[in-house]
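What the coordinates show
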Amino acid sequence: GAGVSQSPSNKVTEKGKDVELRCDPISGHTALYWYRQSLGQGLEFLIYFQGNSAPDKSGLPSDRFSAERTGGSVSTLTIQRTQQEDSAVYLCASSSGGGPYNEQFFGPGTRLTVL
Amino acid sequence: SQELEQSPQSLIVQEGKNLTINCTSSKTLYGLYWYKQKYGEGLIFLMMLQKGGEEKSHEKITAKLDEKKQQSSLHITASQPSHAGIYLCGATVPAGANNLFFGTGTRLTVIP
């Protein structure tokens with residue numbers, strides 16, 4: 001596609017439920033990133049993929065959070081047993097390569113609300 | 001820990017005025033990025049700086065990275081309502097990192 005797309009755009013769920021967030025990166029981009037943006041915390045890194053592997057998971061806040069990437073393309077971020085503090089906008093980005101000098105293109109985000 | 005400090009946190013200016021947003025780190029910045037975000041939208045890439053002393057301009061927006069690569073400024077000349085939004089600086093700290101650390105953002109309001 002022309003840009004990074006994410007789905008759903010909005011997700012409202014009840015505390016304790018599992019949710020899956022999807023990211024479709026720009027075609028051909030090998031690097032994929034998940035970030036979370038919440039009030040008072042700013043934009044925080046969650047996980048980085050290079051191809052299908054995740055060399056950096058250091059930003060995942062707990063073991064309730066996991067992500068996978070298949071075929072070097074689509075990625076899914078899964079949050080199990082959601083808590084109210086998980087409410088945030090989850091942003092996905094992709095770039096043509098890893099490292100500090102490759103522009104990251106961001107998707108529109110998924111706004112997650114946990115009631 | 002907060003790697004990047006942005007100032008001011010909020011800025012309200014009259015249309016036509018110039019403004020500057022700063023992004024500061026105590027560590028050397030690699031690949032300093034400026035993004036703009038509007039409510040409900042993703043981040044829009046503005047500019048990337050990587051060399052000390054580098055300066056880039058696009059339309060009415062100019063970004064600079066100081067010689068020590070620890071501070072960047074974003075300057076908007078003759079601001080317009082279309083410039084309104086949240087401006088975020090992001091950088092990889094330390095060297096070799098792949099992900100971006102972001103500042104807390106500067107909310108810009110331009111009054112017509």
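Within each chain, residues carry numbers counting from 1 in the order of the written sequence. Chain labels run from A onward and ligand labels from 1 onward, assigned in the order the entries are written. Thresholds applied to this predicted model are a pLDDT of at least 70 for local features of residues and 80 or more for the giving and counting of side-chain atom pairs; totals over whole chains, interfaces and linings are not thresholded and use all residues. Water and hydrogen atoms play no part in the side-chain values, which are based on all heavy atoms of the structure.

1. A closer look at the interface of chain A and chain B
Accessible area lost when the parts come together is the quantity often used to give the size of an interface. Selection criterion: The contact criterion used is simple: two residues touch if any of their non-hydrogen atoms lie within 4.5 Å. When two parts are brought into contact, each loses some accessible area as probed by a 1.4 Å sphere; the total of that loss over both is the buried area. A pair is scored as a salt bridge if a Lys or Arg side-chain nitrogen falls within 4 Å of a carboxyl oxygen belonging to Asp or Glu. Pairing of N or O atoms within 3.5 Å defines a polar contact, subject to two protein rules: one partner must be a possible hydrogen donor and the other a possible acceptor, and residues neighboring in sequence count only if both atoms are side-chain atoms.
At the interface, 19 residues of chain A touch 21 residues of chain B. The contact between chain A and chain B buries some 1,700 Å² in all, and 53% of this surface belongs to carbon and sulfur atoms. Our enumeration of links across chain A and chain B arrives at 0 salt bridges. Taken together, chain A and chain B are joined by 3 residue pairs in polar contact (both at pLDDT 80 or more).

2. Structural notes on the sheet that holds strand E7 (residues 65-69) of chain A
Residues and elements named next belong to chain A. Filter applied, for reference: In short, DSSP must find at least two bridges between two strands for them to pair. The helix and strand labels rest on DSSP assignments: H or I over at least four residues marks a helix, E over at least two residues marks a strand, and numbering proceeds from the N terminus. Axes here refer to lines fitted to C-alpha atoms; in helices the fit is confined to the stretch in contact. Angles between the N-to-C directions go from 0 to 180 degrees.
Pairing is antiparallel across the open sheet formed by 4 strands, whose spatial order is E1-E3-E8-E7. Edge positions in the sheet fall to strand E1 (5-7) and E7, since each of these pairs with one other strand and no more. If you compare each strand with its neighbour and ignore which way they point, the axes differ by 15° on average. For E7 and strand E8 (residues 75-79), the ladder comprises 5 bridges, and the chain directions are antiparallel. Bridge pairing in E8 links Glu68 to Thr76.

3. So, the packing of aromatic side chains
Residue and element names in this part refer to chain B. Going by this rule: Here a pair means two rings of Phe, Tyr or Trp (six-membered ring of Trp) with centres within 6.5 Å. Their orientation is stacked below 30 degrees between planes, edge-to-face above 60, and tilted elsewhere. Type-normalised accessible area, obtained with a 1.4 Å probe on protein chains alone, sets the label of each residue: buried when under 20%, exposed when over 50%, and partly exposed for intermediate values.
Counting across every chain of the model gives 11 aromatic pairs over all chains. Judged by centre distance (6.0 Å) and plane angle (75°), the ring pair of Tyr35 and Phe45 falls under edge-to-face. With Tyr35 in strand E4 (residues 30-37) and Phe45 in strand E5 (residues 43-49), the pair connects residues that are 10 residues apart, well separated along the chain. The exposure class of Tyr35 is buried, given its relative accessible area of 0%.

4. Points about the state of the cysteines
Residue and element names in this part refer to chain A. Going by this rule: Sulfur atoms of two cysteines make up a disulfide when they are within 2.5 Å.
Counted according to the given criterion, the structure contains 2 disulfides over all chains. Residue Cys23 pairs covalently with Cys92 via a disulfide, S to S 1.8 Å. Taking the sign of the S-S torsion, -65° for the link of Cys23 and Cys92, the bridge is left-handed. Residue Cys23 is found in strand E3 (residues 19-24), and its partner Cys92 is found in strand E9 (residues 88-95); the two are separated by 69 residues along the sequence. Given a relative accessible area of 0%, Cys23 falls into the buried group. What makes Cys92 buried here is its relative accessible area of 0%.

5. Re the side chain of Thr78 of chain A
Residues and elements named next belong to chain A. For Thr78, the location among the structural elements is in strand E8. On the accessibility criterion, Thr78 (17% relative accessible area) is buried. Ignoring sequence-local partners within four residues, the contact set of Thr78 consists of Val19, Glu20, Arg64, Phe65 and Ser66.

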